[in-house]
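Report on the structure
Single-letter residue listing:
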Amino acid sequence: MRIVGLTGGIASGKSTVSNLFKASGIPVVDADVIARNVLKKGSGGWKRVVAAFGEEILLPSREVDRPKLAHMVFSSDSNRQLLNKLMAPYISTGIFLEILKQWGKGAKVIVVDIPLLFEAKMDKWTKPIVVVWVSRETQLKRLMERDGLSREDAGSRVMAQMSLDLKRCKADVVIENNGDLDHLDQQFSMVLSEIRRPLTWTEFWRSRQGAFSVLGLVTSGLFFCKRFSY
Ligand SMILES: CC(C)(COP(=O)(O)OP(=O)(O)OC[C@H]1O[C@@H](n2cnc3c(N)ncnc32)[C@H](O)[C@@H]1O)[C@@H](O)C(=O)NCCC(=O)NCCS
Ligand SMILES: Nc1ncnc2c1ncn2[C@@H]1O[C@H](COP(=O)(O)OP(=O)(O)OP(=O)(O)O)[C@@H](O)[C@H]1O
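Here we summarise the structure given alongside this text.

So, how was this worked out
- Residues numbered from 1 in each chain as written.
- Chains lettered and ligands numbered in written order.
- Predicted model: local features only at pLDDT ≥ 70, side-chain atom pairs only at ≥ 80, totals over all residues.
- Heavy atoms only, no water.
- 1 Å grid on protein atoms, 1.4 Å probe; cavity = no way out; pocket = protein on both sides within 12 Å on 5 of 7 lines; lining within 4 Å.
- Points joined across faces, edges and corners; volume = space filled by probe spheres on them.
- Helix = DSSP H or I, 4+ residues; strand = E, 2+ residues; numbered from the N terminus.
- Nonpolar A, V, L, I, M, F, W, Y, C, P; charged D, E, K, R; others polar.
- Salt bridge = Lys/Arg side-chain N within 4 Å of Asp/Glu carboxyl O.
- Buried < 20%, exposed > 50% of the residue type's maximum accessible area, 1.4 Å probe, protein only.
- Axes fitted to C-alpha atoms, helices over the stretch in contact; angles between N-to-C directions.
- Parallel < 35°, antiparallel > 145°, perpendicular 65-115°, else oblique.
- Left-handed = near helix turned anticlockwise from the far one by under 90°.
- Contact = heavy atoms within 4.5 Å.
- Pairing = 2+ DSSP bridges.

1. Concerning the layout of surface pockets
- Taken as a whole, the largest pocket holds about 1,600 Å³ of empty space.
- Together, 49 residues line the largest pocket, and I10, D32, F74, P115 and Q161 are the ones closest to its centre.
- Put simply, the parts of the chain that give the lining of the largest pocket at least two residues each are α1 (14-23), α2 (31-38), α4 (66-74), α5 (77-104), α6 (136-147) and α7 (151-159).
- The residue inventory of the lining of the largest pocket, partitioned by class, reads 23 nonpolar, 13 polar and 13 charged.
- The calculated volume of the second largest pocket comes to roughly 370 Å³.

What follows is the structure, given as structure tokens:
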């Protein structure tokens, strides 16, 4: 199985690119969705986070007040590191289970959309790595527009992540998303043909079909050994 890593910065356009992959029939595992489930009321992750940050992060419904928690973690490095430490094991387990589910369905190529792929050192599990890059100005503008944030709040969210220029250097494929959606579509078509090239042998053995082929070969090998040993 080919596990493509999709990353970038906040509001650089990862979800927009993810949607293009989904529309092309490629399954996407979304770390933000998994992280949201980790904070669902009553879950193990929710309990740990509430124990660490206190009940003041809860709404009257006892769901996490996400804007409030966002303010606490994006304005303080130590709060953010604490939240990351508490949630990381749940998020990585969730990602692993989703990949396993796709493996079970026989998917040959999947995309994992992980905003903190490099920061969380998960890049070693994915190949190729696609980075969606935008200039700092475009990133701030789109983030302020999408989330209704002030320039200061948008800036602190951007600063909480590894710089997009550094991520770009670590990428196998870069999608430049400063232009309009047509420009994004054109680049996406090229990325799609790269992603859909035939699997390497290593990727094939990692797929469900590959694992069953190994199982078949081992079983028939054992059968013949047994038969001709008399
Ligand atoms: C702080 C929270 C509650 C804010 O929720 P909110 O709904 O405002 O944002 P959302 O979850 O949609 O995230 C938006 C983007 O913020 C960025 N971001 C989220 N968490 C972090 C973090 N810990 N460090 C840096 N950037 C982050 C990512 O680019 C993400 O795509 C939430 O982001 C969260 O639970 N973060 C910790 C979990 C995490 O690390 N998520 C990233 C998945 S790898
Ligand atoms: N090429 C583009 N032209 C215009 N707007 C765009 C383009 N690409 C993305 N956008 C817009 O920019 C905003 C951020 O994009 P998107 O939500 O895909 O980013 P993201 O990287 O997934 O963000 P996050 O890290 O917060 O999940 C959205 O409002 C989206 O509609």
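2. Digging into the pattern of salt bridges
- In this structure the tally under the stated criterion is eleven salt bridges.
- The residue R2 makes a salt bridge to E203 at a minimum N-O spacing of 2.7 Å. Taken together, the positions of R2 in strand β1 (residues 2-8) and E203 in helix α10 (residues 201-206) put the pair 201 residues apart, joining distant regions of the chain. Residue R2 shares its accessibility class with E203, and that shared class is buried.

3. Examining the packing of α2 against α5
- Running from N to C, α2 and α5 cross one another at 125°; their axes reach a closest spacing of 9 Å. With respect to α5, the element α2 is oriented oblique. For the pair α2 and α5, the crossing hand works out as right-handed. Contact residues: A31, I34, A35 and V38 in α2; M87, Y90, I91, G94, I95 and E98 in α5.

4. Looking at the side chain of R157
- You can see R157 is positioned in helix α7.
- Ignoring any residue separated from it by four or fewer positions in sequence, one finds R157 in contact with I10, A70, F74, L143, D147 and L149.

5. Quick word on the sheet that holds strand β4 (residues 129-133)
- In spatial order, the strands read β2-β3-β1-β4-β5; together these five strands make up an open sheet with parallel pairing. Lying at the two open borders of the sheet, with one neighbouring strand each, are β2 (28-30) and β5 (173-176). Neighbouring strand axes in the sheet, compared pairwise and without regard to direction, differ in orientation by 20° on average.
- Where β4 meets β5, four bridges bridge the pair, whose relative direction is parallel.

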